[in-house]
Amino acid sequence: MKKVSIIVPCYNEGKMIELFYTEATKITNKIENYEFEYILVNDGSKDNTLQTIRELSRKNNDIKYYSFSRNFGKEAAILAGLRNSEGDYAVLMDADLQHPPRLIVDMLEKIEEGYDSVATKRVDRHGESKFRSLFSKLFFKFLNKISDIPIIEGATDFRMMSRQMINSVLELSEYHRFSKGIFEWVGYDTYWLEYISEDRVLGETKWSYLGLFKYAIEGIVSFSTTPLRISSIIGGVISVLSFLYFVLTFLQTIIYGKDLPGYASTICLITFLGGIQLVAIGIIGEYLARTYIQVKGRPNYIIKETNKQNED
Ligand code: UDP
Ligand code: MG
């Protein structure tokens, strides 16, 4: 019998987690010929998530949980889940039921047809502010322009993967993990399921605008070095322009003699160039900072507690 690991990152989901498990098992209990394991990763929640998970796992032996020593972020939780999954397939799912469990049935069907992965994309960003969906639209457009790998608009983290693909994903050892990019980077055949997105059932989203902005920068810097090239190009263009301006001024002085005015234009140029230089240094800094963190080789997360017995 094939085994499916359902990986659920949980951060302050105390209100949701039991409801999630009830709803998800309603679906998975009906699926025959597969065994399911639930891997709940408590990402340093500050509410009663851990207690709820502990109790739930005592009553249901298909639940394994891992609890972090602090909040390490959803990407770290996904990584921990994948590393500790034993299934032939793994499904990544949010705890807030925005990822409808009924789709697992379709996912299994497609993956048995021979796909390595079945991913989902939202067609209607229901329950999200206009500003946020515009922001995300622009982000995907921009990202695809400058990135070497395609990133599908509306793609969510809700996806099923084969063991082979999971192993490939785990081979990528970067500290700053941008899963949406990683899943594309490893390749393999992916089938895209579309679904209408639903509102979060309980609790609230963990994403602030600042958080989303940081995530967007992560997506760009993790999968593209184009920003570095853009700053070189801008530098080149400005150098050529200033050389032409130099030639022009030189000739003007020779032909028409000395010319005093030019205070305003000098200030404009100094501030303009200063600004561009700082932006360019900032861009280099983004890459350098990531290199620095990567070189330190710190673990992506620390597990403080788990109910998994040591088998060896
Ligand atoms: N999550 C997490 N760590 C974090 C933030 C979120 O594990 O630091 C989990 C959260 O519990 C949920 C999933 O990631 O299961 C998606 O979070 P959320 O619903 O807040 O994101 P949204 O659906 O608004 O994009
Ligand atoms: Mg959500």
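This text follows the structure it describes.
Residues numbered from 1 in each chain as written. Chains lettered and ligands numbered in written order. Predicted model: local features only at pLDDT ≥ 70, side-chain atom pairs only at ≥ 80, totals over all residues. Heavy atoms only, no water.

> Could you give me a rundown of the overall build of the protein, with the residues and numbers involved?
A tally of regular secondary structure across the protein gives 10 helices and 8 strands. Whereas a compact globule of 312 residues would reach a radius of gyration of roughly 20 Å, the protein reaches 25 Å, over 25% beyond that. On the principal axes, the C-alpha backbone points of the protein span a range of 90 × 40 × 40 Å. A total of 312 residues make up the protein; the buried ones form 42% of that total. Excluding contacts between residues fewer than 6 apart, the proportion of contacts in the protein whose partners are at least 24 apart in sequence is 84%. For the protein, the exposed surface amounts to about 17800 Å²; the carbon and sulfur share of it is 59%. The protein carries 37 positive and 39 negative side-chain charges, and their two centres are separated by 6 Å. (Helix = DSSP H or I, 4+ residues; strand = E, 2+ residues; numbered from the N terminus. Rg over C-alpha atoms; globule rule 2.2 N^0.38 Å. Buried < 20%, exposed > 50% of the residue type's maximum accessible area, 1.4 Å probe, protein only. Contact = heavy atoms within 4.5 Å. Areas by Shrake-Rupley, 256 points an atom, 1.4 Å probe, with all protein chains shown as cover. Lys, Arg positive; Asp, Glu negative; His and termini not counted. Charge placed at Lys NZ, Arg CZ, Asp CG, Glu CD.)

> Before we move on, could you go through the coordination of the magnesium ion (ligand 2) and cite the residues and values that matter?
For the magnesium ion (ligand 2), the full set of protein donor atoms is Asp96 (OD) and Gln98 (OE1), and the range of their distances to it is 1.8 to 2.0 Å. Residue classification places Asp96 among the buried residues on the basis of a relative accessible area of 3%. Its relative accessible area of 24% is what places Gln98 among the partly exposed residues. (Donors = N, O, S within 2.8 Å, 3.2 Å for Na, K, Ca; no water.)

> Would you mind going over the sheet that holds strand S5 (residues 117-124) in detail, with residue names and values included?
An order of S7-S5-S6-S4-S1-S2-S3-S8 is seen for the 8 strands of this open sheet, with the pairing classed as mixed. Single-partner strands in this sheet number two, and they are strand S7 (190-196) and strand S8 (303-306). Ignoring which end each strand starts from, the neighbouring axes of this sheet average 20 degrees apart. In the sheet, S5 pairs with S7 via 7 bridges, with the strands oriented parallel. Across the sheet, Arg122 pairs through a bridge with Tyr195, a residue of S7. Relative to strand S6 (residues 155-162), helix H4 (residues 103-112) is tilted by about 50 degrees, and along the sheet it contacts strand S1 (2-10), strand S2 (34-42), strand S4 (89-92), S5, S6 and S7. Across the sheet, helix H6 (residues 163-171) touches S4, S5 and S6, and the angle it forms with S6 is around 120 degrees. (Pairing = 2+ DSSP bridges. Axes fitted to C-alpha atoms, helices over the stretch in contact; angles between N-to-C directions.)

> I'd love a proper account of the pairing of S4, names of residues and values included.
Burial along S4 is two-sided: Tyr89 and Val91 facing one way and Ala90 and Leu92 facing the other are all buried. Taken together, the 4 bridges between S1 and S4 define a ladder with parallel strand orientation. Residue pairing for S4: Ile7 is matched across the bridge by Leu92. Strand direction decides the pairing type here: S4 and S6, joined by 4 bridges, are antiparallel.

> Hey, could you go over the packing of helix H9 (residues 226-256) against helix H10 (residues 263-296) for me, with residue numbers and the actual values?
The contact between H9 and H10 brings their axes to 9 Å, and the two run at 155 degrees. By the criterion of interaxial angle, the relationship of H9 to H10 is roughly antiparallel. Classified by chirality, the crossing of H10 by H9 is left-handed. Together, Thr226, Pro227, Leu228, Ser231, Ile234 and Ile238 of H9 and Phe272, Leu273, Ile276, Ala280, Ile283, Ile284 and Tyr287 of H10 make up the contact between the two elements. Classifying every residue of the contact of H9 with H10 gives 11 nonpolar, 2 polar and no charged. (Parallel < 35°, antiparallel > 145°, perpendicular 65-115°, else oblique. Left-handed = near helix turned anticlockwise from the far one by under 90°. Nonpolar A, V, L, I, M, F, W, Y, C, P; charged D, E, K, R; others polar.)

> With reference to specific residues and values, describe the environment of Glu112.
Relative to the assigned elements, Glu112 resides in helix H4. Since its relative accessible area comes to 35%, Glu112 is described here as partly exposed. Note: C-alpha distance between Glu112 and Ser162 (50 residues apart in sequence) is 9.8 Å. Filtering out sequence-adjacent residues up to four positions away, Glu112 remains in contact with Lys2, Tyr34 and Tyr89. Engagement of the side chain of Glu112 in a polar contact is seen with the side chain of Tyr89, the distance being 3.1 Å. (Polar contact = N/O pair within 3.5 Å; in protein donor to acceptor, adjacent residues only side chain to side chain.)

> I'd like a rundown of the site of ligand 1, residues and numbers included.
Around ligand 1, a shell composed of 16 residues is seen, among which Glu13, Asp43, Asp96, Arg200 and Thr205 lie nearest. Between Pro9 and ligand 1, the recorded distance is 2.7 Å, taken from a backbone N or O atom to an oxygen atom. Asp96 has a polar side-chain atom sitting 2.6 Å from an oxygen atom of ligand 1. When the free accessible area of ligand 1 is taken as 530 Å², the share hidden by the protein chains comes to 88%. Broken down by class, the residue content of the shell around ligand 1 amounts to 5 nonpolar, 4 polar and 7 charged. (Near = heavy atom within 4 Å.)

> Which residues make up the packing of aromatic side chains, and what values go with them?
One pass over the full model with this rule turns up 9 aromatic pairs. Geometrically, the ring pair formed by Phe178 and Phe223 is tilted, given 6.3 Å between the ring centres and 50 degrees between the ring planes. Pair noted here: Phe178 is in the loop between H6 and helix H7 (179-185) and Phe223 is in helix H8 (residues 209-223), with a separation of 45 residues, a long-range link. You'll find Phe178 and Phe223 in the same group, each marked buried. Its guanidinium or amino end placed over the ring of Phe72, Arg70 lies 3.9 Å from that ring's centre, counting from NZ or CZ. The ring of Tyr191 is capped by Lys110, whose NZ or CZ atom sits 4.4 Å from the centre of that ring. (Phe/Tyr/Trp six-rings, centres within 6.5 Å; stacked < 30°, edge-to-face > 60°. Lys NZ or Arg CZ within 6 Å of the ring centre and 35° of its normal.)

Geometry only, nothing functional implied.
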